Structures are given as structure tokens and as C-alpha cells.
There are 2 protein chains.
Amino acid sequence: MRRIVFGASLFLTTLALPAMAQDHPEIGQRQGQFNLIVHNFAVLGGMAQGRVDYDAALAQTAADNLFHVTRHDQSRLWPEGTDAQSVEGTRALPAIWENLDDFVGKFVALQTAAENVQAVAGDGLDTLRPAVGALGGTCQACHQTYRAEAG
Amino acid sequence: MRRIVFGASLFLTTLALPAMAQDHPEIGQRQGQFNLIVHNFAVLGGMAQGRVDYDAALAQTAADNLFHVTRHDQSRLWPEGTDAQSVEGTRALPAIWENLDDFVGKFVALQTAAENVQAVAGDGLDTLRPAVGALGGTCQACHQTYRAEAG
């Protein structure tokens, strides 16, 4: 009987220790990609919303950065078992792995929108604004389906 | 007198609270770039050192990723006051800001080395190995001068 109780206790201890993001370097790596996206979207979104003065060179640099960052291949950044139900330190919902084709499609939409911003970033605010709006829309489309609310 | 003592106490309290990395989003953003470099260098370095089987497609994808990640402009990622003496959560030494031209030159060397890896990644291990070695050398050259030891 003691043996069985010990076994159950060990089982519960295991359950009580969630996996941590540092055990899955891919989590920090894909979050690194999002950090770089934020670094550049902050400038472009700020210009589109009038909080940052439009500057053609700054806009173009940010758009070039976004092009390069969104070209990073995703295939090794989302291994199974790195969702928010399995690991602490990520907001990636299990729905990603249940709808991988749709998830990948939403990333391709981000890439296309980033290309479109890159093509017009230096052409003035009136041209930049709708392109940045479309880019922000691709972020939102993915987040509302595949990212948990901030905890 | 009480007023002076209070003032001194407030001053000491301020000194005792180091700035934190989360007050400087650029720190997490530039670390994001390094996280992505590690993501890809792990594959290429593993192949060069025989720990990962050579796979031309995998090597090329990792090299393409490194090309794009190292194209990200550095100009807004290293604001003054985000060194390891001023802020917790970064290993960036103050020497960076005292030798900015040299620091930038070392980043340009990384970009060139990444381009060279990209050009040969699919051409077999014998060609890949020296290019990856040179790339690793550019990482080391910067780290030994401008990055604090892990704490």
C-alpha cells in the first residue's frame, strides 16, 4: 500500500511541475522574431496613426527589416508540445497545431503584407498608411485565433 | 535637516534600484535577433562539427535564415544607456558605445560571413565547413570584446 501511495504522490508531483519555456529554445527563438517585428511595426504603425512623424528613410529601413524578419522560415520554430497548455512562457494556443495549414497561410499573408509595405514605404504617408493597416490586419488575424490573451 | 536627510534617502533608494531590461524594449529586440541567429547556427555548426548529419536543404534554409536575420538594421537596437553597467538583463559591455565604429565593423563582418555561408550551404559539407567556421569566428570576435561573461 505504501508503494502505491508513493507512486500516486510521484505522479501528482510530476503533474504539478509544468514544462518551462527554457526547456524549448524554439519558444524564445520564435518570440525573438516577434520582438523584431514589434521593433519595426512600432515605427510604421506610429507613422500611420500620426504618433510618429513620417520620415521616408526611417520608414523604408523599418519596412526592409520587416521584409527580412518575415522571410525567416517557420518550419523548426513550432515543434509539437510547445503550446500554452503544455509549457509555461508561451501564448501559442494548441489550435495552431490543429490547423497548421491555416496557421501557415496566415504567416504567408504576413509575408505578402510586409512585401507590400516595403514597396511603398518611401512614397509618402498617404501611400504607406493603407499598406501598414493591411499589415496590422495580418497580425490581428493570427493573434485572435492562435494567441492566448495576455495573462 | 529632516528635509536634507529625506532627500539623501530618496537618492540612495534611486541608486539601489537598477534599471531593468523591460524598461528598454530594444534589449529584448536585439536579443531576439541573437536568438534567431542561434536557432540557425545550431544547425550549421552542428553539421560542421559532425554532430548533425549534413542535409543540403536544411543547411540552405538555415543559411537563408541567417542571411535575412543579419540584414536587420542595427541603428535603433543599441540606444545609449542599454549597457550591462546601466541595466540588468543584458551582457552588452559599455565598450560597444566607446568603439561604435569597430562594433559596427564587426557586425558587417558577420553579414559578409553569413552571405558566404548562404552561397555554399547546399554544395556539400567540405565546402560548408570552412564557411561556417569563418561565420563562428565573427561571432567570437564580437563576443570576446563586447559581451560580458555569463553571470
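All values reported here derive from a predicted model rather than from experimental measurement.

Q: Teacher, can you tell me more about the interface of chain B and chain A here?
A: Interface extent is often summarised as the accessible area lost during association of the parts. In this assembly, 21 residues from chain B lie in contact with 21 residues from chain A. Summed over both sides, the interface between chain B and chain A buries roughly 1900 Å², with carbon and sulfur atoms accounting for 61% of that surface. When the buried area of chain B at its contact with chain A is split by residue, B:His39, B:His72 and B:Arg76 rank highest and sum to 35% of it. For the pair chain B and chain A, the number of links is 0 salt bridges. Inspection of the region where chain B meets chain A yields 11 residue pairs in polar contact (both at pLDDT 80 or more). Counting residues per element, the ones that place at least two in the side of chain B that touches chain A are α2 (25-48) and α3 (56-70) of chain B. With 10 residues, the single largest contributor to the side of chain B that touches chain A is α2(B). The residue makeup of the side of chain B that touches chain A, split by class, is 7 nonpolar, 11 polar and 3 charged.

Q: I keep staring at α2(B) and nothing clicks. Help me out?
A: Residue pairs spaced three or four apart in an α-helix point in one direction, given the helix's 3.6 residues per turn. With 24 residues, α2(B) extends 34 Å from end C-alpha to end C-alpha; this agrees with the ideal 34 Å at 1.5 Å per step. At B:Phe41, α2(B) shows its largest bend, some 30°.

Q: So what exactly am I meant to see when it comes to the relation of the copies chain B and chain A here?
A: Relating one copy of the chain to the other requires a rotation about an axis plus a shift along that axis. Rotating chain B by 180° and translating it 0.0 Å along the rotation axis places it on chain A, where the RMSD comes to 0.0 Å. Overall, the copies show the geometry of a two-fold rotation axis. By C-alpha distance to the rotation axis, the residue of chain B lying nearest is B:Gly32, at 1.7 Å. With an isologous cut-off of 70% or more, the 100% of interface residues of chain B that recur at the interface of chain A puts this contact in the isologous class.

Q: Would you mind going over the environment of A:Arg129 with me for this structure?
A: Tracing the backbone shows A:Arg129 in helix α6 (residues 125-146). C-alpha of A:Arg129 to C-alpha of A:Gln49: the two residues are 80 residues apart in sequence and 8.0 Å apart in space.

Q: Sorry if this is basic, but what is going on with the nonpolar core here?
A: A general tendency of soluble globular proteins is for nonpolar side chains to be buried together. Membership of the largest hydrophobic core comes to 46 residues, with the highest contact counts inside it found for A:Leu44, A:Val117, A:Leu128, B:Leu44, B:Val117 and B:Leu128. Looking at this core, the elements with two or more residues in it are α2 (25-48), α3 (56-70), α5 (100-120) and α6 of chain A together with α2, α3, α5 (100-120) and α6 (125-146) of chain B. Discounting residues that sit within four places of it in the chain, B:Leu44 has contacts with B:Ala59, B:Ala62, B:Ala63, B:Leu66, B:Val117, B:Leu128 and B:Val132. In this structure, A:Ile96, A:Trp97, A:Phe103 and A:Cys142 belong to the second largest nonpolar core, which totals 9 residues.

Q: What is the right way to read the state of the cysteines from this model?
A: A covalent bond bridging the sulfur atoms of two cysteines is what the word disulfide describes. All names here are of chain A. In the structure shown here, the tally under the stated rule is 0 disulfides over all chains. Sulfur of Cys142: no disulfide; nearest cysteine sulfur belongs to Cys139 and is 8.8 Å away. Judged by its relative accessible area of 16%, Cys142 falls in the buried class.

Q: Help me understand α3(B) in this model?
A: Taking 1.5 Å per residue, 15 residues should reach 21 Å; α3(B) reaches 21 Å between its end C-alpha atoms and fits that length. Listing the buried residues of α3(B) in full gives B:Ala59, B:Ala62, B:Ala63, B:Asn65, B:Leu66, B:Phe67, B:His68, B:Val69 and B:Thr70. Close packing links the buried residues of α3(B) with α3 of chain A together with α2, α5 and α6 of chain B. Sitting at the head of α3(B), B:Asp55 places a side-chain oxygen 3.0 Å from the backbone nitrogen of B:Ala57.

Q: Even after reading the chapter, I still don't get the packing of α2(A) against α2(B), so can you show me in this structure?
A: Between two packed helices, both the angle of their axes relative to each other and the distance between the axes serve to describe the pair. At a minimum axis separation of 7 Å, α2(A) and α2(B) run at an interaxial angle of 135°. In terms of their interaxial angle, α2(A) and α2(B) are classed as oblique. Helix-helix and strand crossings are classified by hand; for α2(A) and α2(B) the assignment is left-handed. The residues of α2(B) that touch α2(A), namely those facing A:Gly28, A:Gln29, A:Gly32, A:Gln33, A:Asn35, A:Leu36, A:Val38 and A:His39, are B:Gly28, B:Gln29, B:Gly32, B:Gln33, B:Asn35, B:Leu36, B:Val38 and B:His39. Looking at the contact of α2(A) with α2(B), its residues break down into 4 nonpolar, 12 polar and no charged.

Conventions adopted
Residues numbered from 1 in each chain as written. Chains lettered and ligands numbered in written order. Predicted model: local features only at pLDDT ≥ 70, side-chain atom pairs only at ≥ 80, totals over all residues. Heavy atoms only, no water. Contact = heavy atoms within 4.5 Å. Buried area = accessible area lost by both parts, 1.4 Å probe. Salt bridge = Lys/Arg side-chain N within 4 Å of Asp/Glu carboxyl O. Polar contact = N/O pair within 3.5 Å; in protein donor to acceptor, adjacent residues only side chain to side chain. Helix = DSSP H or I, 4+ residues; strand = E, 2+ residues; numbered from the N terminus. Nonpolar A, V, L, I, M, F, W, Y, C, P; charged D, E, K, R; others polar. Expected span 1.5 Å × (residues − 1). Bend = angle between axes of the 7 residues up to and from the residue. Least-squares fit on C-alpha atoms with pLDDT ≥ 70 in both. Core = buried A, V, L, I, M, F, W, Y, C linked by side-chain atoms within 4.5 Å. Buried < 20%, exposed > 50% of the residue type's maximum accessible area, 1.4 Å probe, protein only. Disulfide = S-S within 2.5 Å. Axes fitted to C-alpha atoms, helices over the stretch in contact; angles between N-to-C directions. Parallel < 35°, antiparallel > 145°, perpendicular 65-115°, else oblique. Left-handed = near helix turned anticlockwise from the far one by under 90°.

Functional significance is not addressed by these values, which are geometric in nature.
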